[in-house]
Amino acid sequence: MNLEHIKQTDPVVAEQIELELKRQQETIELIASENCTSLAVMEASGSVLTNKYAEGKPHKRYYNGCEHIDVIEEICQKRACELFGMDHANVQPHSGAQANMAVFMATMKPGDRVLSMDLSNGGHLSHGSPVNFSGLYFDVKSYGINEYGEIDYDDVRKMAIEHKPKLIICGASNYSKIIDFKRFREIADEVGALLLADIAHIAGLVAAGLHPSPAPYAHFVTTTTHKSLRGPRGGIIMCKEEFAQAIDKAVFPGMQGGPLEHIIAAKAVALLEASKPEFKEYAAQIIKNAKALAQGLMDEGLDIVGGMTENHLMTLDLRKTGKTGKDMANVLEVVGITANKNTVPNDPQSPFVTSGIRLGTPAVTTRGFKEEDMTEVAKIIAGAIYASDNEQGLKNLRERSLKLCQKHPLYT
Ligand SMILES: *Cc1c(COP(=O)(O)O)cnc(C)c1O
């Protein structure tokens, strides 16, 4: 990674970037929402496009000099529509949360009702958490998951009939089963609601055809570009043609000013990468690795919420070990594994402490980890949990995780 200029002008920041690179190279990244982009994506996002103001849409800008920006943004829109099979794409949202905010703005007035998955059951902040704009300005009813770690569609239907929401949201930040978008659309139609499918987490799997696509069913599809899709940090909204204008107006001038055209270029590069046969292989390996990790953990006597995963992530349920998510996420960091604490269904601990840890495989799969490596990762995790007070034991586990990192080098 070339840091020649920043080293000259700002050695303090340059040093931290170098240390962060080393951290990424030497730790096993199991945070389910993270990934490692290609150098091509990074070059685009670090390009001269960062200099350009381009408020508005391609060919309808408020600034001059957008002829190249227009080409790039149109290519990005076209690639998003083709990859996900939707009519229209707005590629300007700065993040996934802002993509969702724009859909709220395009479809509802403040105070209108939304039905979405509860945050503590795997939903996302921007789907109606009371501390987020979505919960502050809208009337939110939420559904959860049952003891098998699955959405109870009959319960969703009952709630939809009772509460008559304007918008139903499906898609989650922590859900390890296949989402039945068709069933959600049937429920939405029954109560006259619009359907938003937020595929932020599973976008890479959907792009590869390894998770059913929401395209035939959802009025709106939002996604992040930086999770399993492996692009730059950002968001995209896709919709049916009839909602195109409302969505574009909600993004600009509704919520955002100038779009980040350097990031839009990087999104275009990532979308092209995601359309290649190699990406299909990558996405298939993400799922194989997640299944190998889940199996390995269960073989070590640990519980997974809902049992075997069907996608890229799982939640380790620590209740029977007597340990908490907060403590064990810290212990994993000691042995060189990064993951986040997460609530489990009916968690006896607070959301700050929790009884679970969320684990995902997109990032390690990018590095080239295969099933046998995931079995070793499962052994390291189990070892760390069972021997969390044994300093020498943890040191030995750290050696083992470093060996795996050296076996699959990153950005070298
Ligand atoms: C990550 C995520 C988002 C938000 O993405 P940000 O870019 O962090 O704003 C939205 N929805 C879901 C389901 C997510 O998992």
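Residues numbered from 1 in each chain as written. Predicted model: local features only at pLDDT ≥ 70, side-chain atom pairs only at ≥ 80, totals over all residues. Heavy atoms only, no water.

Undergrad: Help me out: how do you make sense of the pairing of strand β10 (residues 235-239) in this one?
TA: Side chains on a regular strand alternate between the two faces of the sheet. In terms of burial, β10 is a largely internal element, 5 of the 5 residues being buried. The two faces of β10 match: Gly235, Ile237 and Cys239 on one face and Ile236 and Met238 on the other face are all buried. In the sheet, strand β4 (residues 88-90) pairs with β10 via 3 bridges, with the strands oriented antiparallel. Counterpart to His88 in the pairing with β10 is Cys239. Here strand β9 (residues 220-224) pairs with β10 via 5 bridges, running antiparallel. Opposite Phe220, over in β10, you have Cys239 as the bridge partner. (Buried < 20%, exposed > 50% of the residue type's maximum accessible area, 1.4 Å probe, protein only. Helix = DSSP H or I, 4+ residues; strand = E, 2+ residues; numbered from the N terminus. Pairing = 2+ DSSP bridges.)

Undergrad: What exactly am I supposed to notice about the environment of Ile161 here?
TA: Structurally, the position occupied by Ile161 is in helix α7 (residues 153-163). Judged by relative accessible area, Ile161 falls into the partly exposed class, the value being 37%.

Undergrad: Please clarify how the sheet that holds β10 should be interpreted in this entry.
TA: The strands that make up a sheet are held in pairs by hydrogen bonds between backbone atoms, and each pair lies either parallel or antiparallel. The strand order across the open sheet built from 7 strands is β4-β10-β9-β8-β7-β5-β6, with neighbouring strands paired in mixed fashion. Unpaired on one side and paired on the other, β4 and β6 (139-143) mark the two borders of the sheet. Each strand axis lies, on average, 20 degrees off the axis of its neighbour in the sheet, ignoring direction. Summarising the sheet, strand β5 (residues 113-117) and β6 pair through 5 bridges and their orientation is parallel. Bridged to Val114 within β6 is Val140. Along the sheet, helix α4 (residues 67-84) makes contact with β4 and β10, crossing β4 at roughly 130 degrees. Running over the sheet, helix α10 (residues 244-255) touches β4, β9 and β10 and is turned about 0 degrees from β4. (Axes fitted to C-alpha atoms, helices over the stretch in contact; angles between N-to-C directions. Contact = heavy atoms within 4.5 Å.)

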